[in-house]
Amino acid sequence: MIDNLDTYVTGSNSKFLSKDIITTFRGRGDELYLRPLSFNEFYQTKQDTSFERAWNEYITYGGLPYCALLKTHEEKDEYLKNLFKEVYLKDILERNNIHGEYAFEQLLNIISSGIGSLTNLRKLEKTYKSEINLSISVNTINHYLECLEDAFLIERSDRYDVKGRKYISTQQKYYFTDLGLRNSRLNFRQFEETHLMENAIYNELRYRGYSIDIGIVEINERQVNGKYIRKQIEIDFICNKGAERIYIQSAYSTSSLEKEQQEKRPLNNINDSFRKIIVVKDDILTRKDENGIITMGLKDFITNKNSIDNI
């Protein structure tokens, strides 16, 4: 026994992406999960670069440290694609004895294209049949998704009924832990900043130690004929950490009154005293309305790790 000595253990190439290491050392060690750079860490490497330019680079190429140091698109593209092919895919397929490589890669493409969109196993099964002309069981699809999660490529966020106080297992969302890997997988073709911003905010909240659910609130909505129907409206993120909870909406813009009311609507239908925040892409001064809903700019939110504390 040596005092004041910490030992760090990694695995071989076929295991270092999995959670097997902490299982092997159960009771004798702790797991440290090192994420890609947060935006604020990334921003510190970009001297004399505007926030807007750094943000665009971050949501395009992600926060892997070595990639952040590369200069050209060609260098970054080659690095990310080689990392995907030679490290992630090869090790995932080998470790999990996956023989249907084509089917597995197609699922990866589907998830890459649909970040921030609700999906489920049955929907993915139908996508395989209609768009790829493959018949894959839901059990196989679920296994593939678990492999991607185990490799820390993606994370799943479940739906939670705020008023009913229960989880709804029928639909989930998936987010990439690094947007550069996601964009590289799609050859940088699908660049929807609304979804990329949502994914980046999700990652930032995970950096800050929150567990994240996708919220729904059921309301009674009156129709033009005077009748009421039950409707579910969505909250982007329910952020939980210990006894703390925060509701957060990711809104690319609230330039119109209609859009602002749309973002506030689910928050106004939550009957509790936890903080409710809307993060917008626009560079605005943080403000609070008469119902206590806070609206803040993306720059203020993402460049300060304490930005949503005690506001």
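Conventions adopted
- Sequence order as written defines the numbering, with residues in each chain counted from 1.
- This being a predicted model, a pLDDT of at least 70 is required before a residue's local features are given, and a value of 80 or more before pairs of side-chain atoms are given or counted; all residues contribute to the totals for chains, interfaces and linings.
- Water and hydrogen atoms were dropped before computing side-chain values, which therefore reflect all heavy atoms in the structure.
- Helix and strand definitions here come from DSSP, where helices need a minimum of 4 consecutive H or I residues and strands a minimum of 2 consecutive E residues; each element is numbered from the N-terminal end.
- Radius of gyration here is computed from C-alpha atoms only, and the compact-globule reference equals 2.2 Å multiplied by the residue count raised to the power 0.38.
- Three labels apply to residues, based on accessible area from a 1.4 Å probe with only protein chains included: buried if under 20% of the type maximum, exposed if over 50%, partly exposed otherwise in between.
- Note on contacts: a residue pair is in contact if any heavy atoms of the two residues lie within 4.5 Å.
- Accessible surface is estimated by sampling points in the Shrake-Rupley manner with a 1.4 Å probe; for residues, cover comes only from the protein chains shown.
- Only four residue types enter the tally: Lys and Arg on the positive side, Asp and Glu on the negative side; His and the chain ends are excluded.
- We put the charge of a Lys on NZ, of an Arg on CZ, of an Asp on CG and of a Glu on CD.
- As used in this structure description, the phrase polar contact means that two N or O atoms lie within 3.5 Å; if the pair is within protein, one of them must be able to donate a hydrogen and the other to accept it, and residues adjacent in sequence are counted only when both atoms belong to side chains.
- We treat two strands as partners when DSSP finds at least two bridges between them.
- A pair is scored as a salt bridge if a Lys or Arg side-chain nitrogen falls within 4 Å of a carboxyl oxygen belonging to Asp or Glu.
- The length a helix should cover is 1.5 Å for every residue beyond the first.
- The directions considered for the arc are those from the helix axis to the C-beta atoms.

Visitor: I keep staring at the overall build of the protein and nothing clicks. Help me out?
Guide: Summing up its helical and strand segments, the protein has 12 helices and eight strands in all. Whereas a compact globule of 311 residues would reach a radius of gyration of roughly 19 Å, the protein reaches 21 Å, a difference of no more than 12%. Expressed along its principal axes, the backbone C-alpha trace of the protein runs to roughly 60 × 50 × 45 Å. Within the protein, the proportion of its 311 residues that are buried is 48%. A sequence separation of at least 24 residues applies to 59% of the contacts in the protein between residues at least 6 apart. Total accessible area on the protein is roughly 17100 Å²; 46% of this is exposed by carbon and sulfur atoms. Separation of charge centres in the protein, based on 44 positive and 47 negative side chains, amounts to 5 Å.

Visitor: When you look at the environment of Asn133 in this model, what are you seeing that I'm missing?
Guide: With respect to the helices, strands and loops of the structure, Asn133 is situated in the loop between helix H7 (121–132) and helix H8 (138–150). Take Asn133: its relative accessible area is 67%, and that puts it in the exposed class. Along the chain, Asn133 and Leu83 lie 50 residues apart, while their C-alpha atoms are 29 Å from each other.

Visitor: Help me understand the side chain of Ser157, please; the structure alone is not making it clear to me.
Guide: Along the chain, the position of Ser157 falls in strand S1 (residues 154–161). For Ser157, a relative accessible area of 0% puts it in the buried group. A polar contact of 2.9 Å, which involves the side chain of Ser157, links it to the backbone oxygen of Ile212. With near-sequence residues (within four places) excluded, Ser157 lies in contact with Gln172, Lys173, Tyr175, Tyr202, Ile212, Asp213 and Ile214.

Visitor: Any chance you could explain unusual backbone geometry here in plain terms?
Guide: Trans peptide bonds make up most of the peptide bonds, and negative phi angles are found at most residues other than glycine. The phi dihedral of Asn133 falls on the positive side, at around 60°, and the residue is not glycine. One non-glycine residue, Asn187, lies in positive phi territory at about 55°.

Visitor: Just checking my understanding: could you explain the sheet that holds strand S6 (residues 275–280) for this structure?
Guide: Two orientations exist for strands paired in a sheet by backbone hydrogen bonds: parallel and antiparallel. Strand order in the open sheet made by the eight strands is S2-S1-S3-S4-S5-S6-S8-S7, with mixed pairing throughout. Of all the strands in the sheet, just strand S2 (166–176) and strand S7 (287–288) have a single pairing partner and so form its edges.

Visitor: Would you take a moment to explain the pairing of strand S8 (residues 294–297) for this structure?
Guide: Looking along a regular strand, one sees side chains alternate from face to face of the sheet. Side chains Ile294 and Met296 project from S8 onto one buried face, and the interleaved Thr295 and Gly297 project onto a second face that is buried too. Strand direction decides the pairing type here: S6 and S8, joined by four bridges, are parallel. Its bridge partner being in S8, Val279 is matched across the sheet by Met296. Summarising the sheet, S7 and S8 pair through two bridges and their orientation is antiparallel. By the bridge assignment for S8, Arg287 is matched with Thr295. Between the end of S7 and the start of S8, which pair antiparallel, lie five residues, with Gly292 showing a positive phi angle near 85°.

Visitor: What is the right way to read the pattern of salt bridges from this model?
Guide: One side chain can pair with another of opposite charge once the charged atoms of both are near each other. This model, assessed by the stated rule, comprises 22 salt bridges. A salt bridge links Asp77 to Lys81; its shortest N-O distance comes to 3.4 Å. Here Asp77 and its partner Lys81 are both found in helix H5 (residues 73–95), four residues apart, which amounts to about one turn of the helix. A relative accessible area of 32% means that Lys81 is categorised as partly exposed. Taking the shortest distance from any N to any O, the salt bridge between Glu155 and Arg206 comes out at 2.9 Å. Separated by 51 residues along the polypeptide, Glu155 in strand S1 and Arg206 in helix H10 (residues 193–207) bring together distant segments of the chain. A relative accessible area of 11% places Glu155 in the buried class. In this structure Arg206 comes out as partly exposed when scored by relative accessible area, which is 25%. It is possible to trace a salt-bridge network through shared partners that takes in Arg35, Glu155 and Arg206.

Visitor: How should I be thinking about the pairing of strand S4 (residues 228–241) in this particular structure?
Guide: Two strands pair when backbone bridges link them, and strand S3 (residues 211–222) and S4 are joined in this way by 11 bridges, in the antiparallel orientation. Along S4, the bridge assignment pairs Ile212 with Cys239. Connecting S3 to the next strand, S4, in antiparallel fashion are five residues, including Gly226 with a positive phi near 90°. Here five bridges tie S4 to strand S5 (residues 244–251), and the two strands are oriented antiparallel to one another.

Visitor: For this particular structure, what's the right way to read H7?
Guide: Working note: α-helix, 3.6 residues per turn, so residues spaced by three or four point in the same direction. Between its first and last C-alpha atoms H7 spans 15 Å; for 12 residues at 1.5 Å apiece the expected length is 16 Å, and the two agree. Every buried residue of H7 is listed here: Leu124, Glu125, Thr127, Tyr128 and Ile132. Within H7, the buried residues cover an arc of 155° as seen down the axis, which keeps them to one side. What points out from H7, more than 90 degrees from its buried face, is the exposed set Arg122, Lys126 and Ser130. Check the buried side of H7 and you find it contacts helix H6 (101–113) and H8. The backbone nitrogen of Arg122 lies 3.2 Å from a side-chain oxygen of the residue at the head of H7, namely Asn120.

Honestly, it's all geometry; don't read function into it.
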